[in-house]
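Inside the fold
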Amino acid sequence: MVTSTPFTSSSDVYQWLSSFTNLERGQNLRNFSLDRMNSLARMSGHPETCAPVFHAAGSKGKGSVTGMMTAILSASGIKTAGYASPHVIDFRERLTVGNKFFDEAVYIAAGNELKKIVDGIPASADAKLFDLDLDSGEAASFFELATLWFFLCARIARCGAMSIETGMGGRLDATNIVDPAVSVITVIELEHTEYLGSTIAAISGEKAGIIKLRRPVVVAKQRDDALEVFRQHAEQKKSPLYYFPECAEIRDVRVNREGTYFTLDLKHGDCKGEVFTDLLVPIPGEVQAYNAGLAILSLKVAGVNDGMRGGIGGGACAEITEESIRAGLAGFTLPARFQRVAAPALAGVPMVIDGAHTPGSVRMCVDTFAELYGEGAILVFGCADGKDFLSMAKVCTPRFSSIIITTPGTFKKSNPAEVYAAFLREAQTLVSPPRVVFIPDTAHATAEAIRLARDQKLAVLGTGSFYLAAEIRKAAGE
């Protein structure tokens, strides 16, 4: 696994990282702990402190919220690094600056610095924390090392801010070594129950782990049991909590195929009375208005000093201007978030891909799709193991005329035959059931969906997994 040859491309770095234990592939890491990550950070000179951090956790929407914060900060003239997962097409989507790739030289320099640190672990005082035998289950993980790679990229590029989403959970997530300007918690649903707990309260407790001492936390609208957990954690940490429904209002939402228009009223502190009318996010879906509102409120709560170099100061709402908010949101895009696929092979067939993978997010996706493209369209669905496909089947089967179940790529373990059986059972309970078929090969499933849509003059939705979205986009030829 260890080699002395320097990296010459970002792909080299990623291939090397991919040799480490990766939960995203379903590999097991028995010891969830921040000890390894803290040691890695210490050995690399704490690059996580190179710039103020905006840190988000949640079951859905955190990628949109962090991406929108990056876009607004960038439009304000602040060089902002963004960390996200998973990627859809290119692994560099995980580590960006201004929602664009870093220069290749940055990835390479940071990768070589990271490798030098890892190569030195066996001889260091921290060796007991790093068993580099991959079979042991205690090795430094892909995600830990990728997270440090990001921090090193941000430091080398001299970024003025970092907008970071957790990979899973929060309390023990590798990103949780940061001391953020503000913590942001998006909507909570049952997810990753094998790691985070089987109740909303338990999962919320894990997400609440990103709340830091005396640092503000902004919380999206939640169920009462989740909100109670966040209030308790914030009180214990002496952290001011800003609950979105109490601090802001979204109104006048209009959704069309070009995006989402809305008005935001702020109702808290120094920013009370600020109103932003007719804001645009070029991603269709009412949920994107709330994601944008959460991003704006979080930036306002943190306050921004000149260049983000002097730290975070209170009462600095004016630093995030209406002009930067409008420009940042209007130019924001994110792969596989209700993304219209543009490929010659479609020949006029409308196709949308979305990485929705929880019952709530699938419901919002399907509702938006039906509003814009009509009921009874074509669905291509696939999800990884551990997802609540039974609930998603109940959401989807009444809304489509044809449903094609397929494999969401090979990156992560899945059981598409089991998913197919669940969708078929659910369809049989309906008076007018959709046609449900199983085509394991995603390229063939995509081709069949396009054929049906062209013949019947319908649109296609591909959802259930970010990995599926990537495979559909690839199969369509975009």
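Structure first, text after, so check above.
If you walk across this open sheet you meet the eight strands as β4-β3-β2-β5-β1-β6-β7-β8, and the pairing is mixed. Edge strands, defined here as strands with exactly one partner in the open sheet, are β4 (100-101) and β8 (241-243). Summarising the sheet, strand β1 (residues 53-57) and strand β6 (residues 182-185) pair through four bridges and their orientation is parallel. Each bridged residue has a counterpart across the sheet, and for A56 the counterpart in β6 is V184. Packed on one face of the sheet, helix α3 (residues 62-75) meets β1, β2 (80-83), β5 (161-165) and β6 and runs near 170 degrees to β5. Across the sheet, helix α8 (residues 224-236) touches β6, β7 (217-219) and β8, and the angle it forms with β8 is around 155 degrees.

We now examine the pairing of β2. Residue alternation in β2 divides its side chains into two sets, T80 and G82 and A81 and Y83, and both sets are buried. Bridge count between β2 and β5: four bridges; the pairing is parallel. Bridged to A81 within β5 is M162. Pairing analysis gives three bridges linking β2 to strand β3 (residues 95-97), with the strands arranged antiparallel. Residue pairing in the sheet places Y83 in a bridge with L95 of β3.

Running from N to C, helix α2 (residues 35-43) and helix α5 (residues 142-156) cross one another at 30 degrees; their axes reach a closest spacing of 10 Å. Classified by the interaxial angle, the pair formed by α2 and α5 is roughly parallel. Considering the relative orientation of α2 and α5, their crossing is right-handed. Residue-level contacts link R36, M37, L40 and A41 of α2 to E144, L145, T147, L148 and F151 of α5.

For the rest of this paragraph, the subject is the packing of α3 against helix α11 (residues 322-330). Running from amino to carboxyl end, α3 crosses α11 at an angle of 130 degrees, the nearest separation of the two axes being 7 Å. The angle between α3 and α11 falls in the class oblique. For the crossing formed where α3 meets α11, the hand is right-handed. Every residue of α11 that contacts α3 at M68, A71, I72 and A75 is listed here: S324, I325, A327, G328 and L329. Grouping the constituent residues of the contact of α3 with α11 by class yields seven nonpolar, two polar and no charged.

Cut-offs used in this document
- Residues numbered from 1 in each chain as written.
- Predicted model: local features only at pLDDT ≥ 70, side-chain atom pairs only at ≥ 80, totals over all residues.
- Heavy atoms only, no water.
- Pairing = 2+ DSSP bridges.
- Helix = DSSP H or I, 4+ residues; strand = E, 2+ residues; numbered from the N terminus.
- Contact = heavy atoms within 4.5 Å.
- Axes fitted to C-alpha atoms, helices over the stretch in contact; angles between N-to-C directions.
- Buried < 20%, exposed > 50% of the residue type's maximum accessible area, 1.4 Å probe, protein only.
- Parallel < 35°, antiparallel > 145°, perpendicular 65-115°, else oblique.
- Left-handed = near helix turned anticlockwise from the far one by under 90°.
- Nonpolar A, V, L, I, M, F, W, Y, C, P; charged D, E, K, R; others polar.

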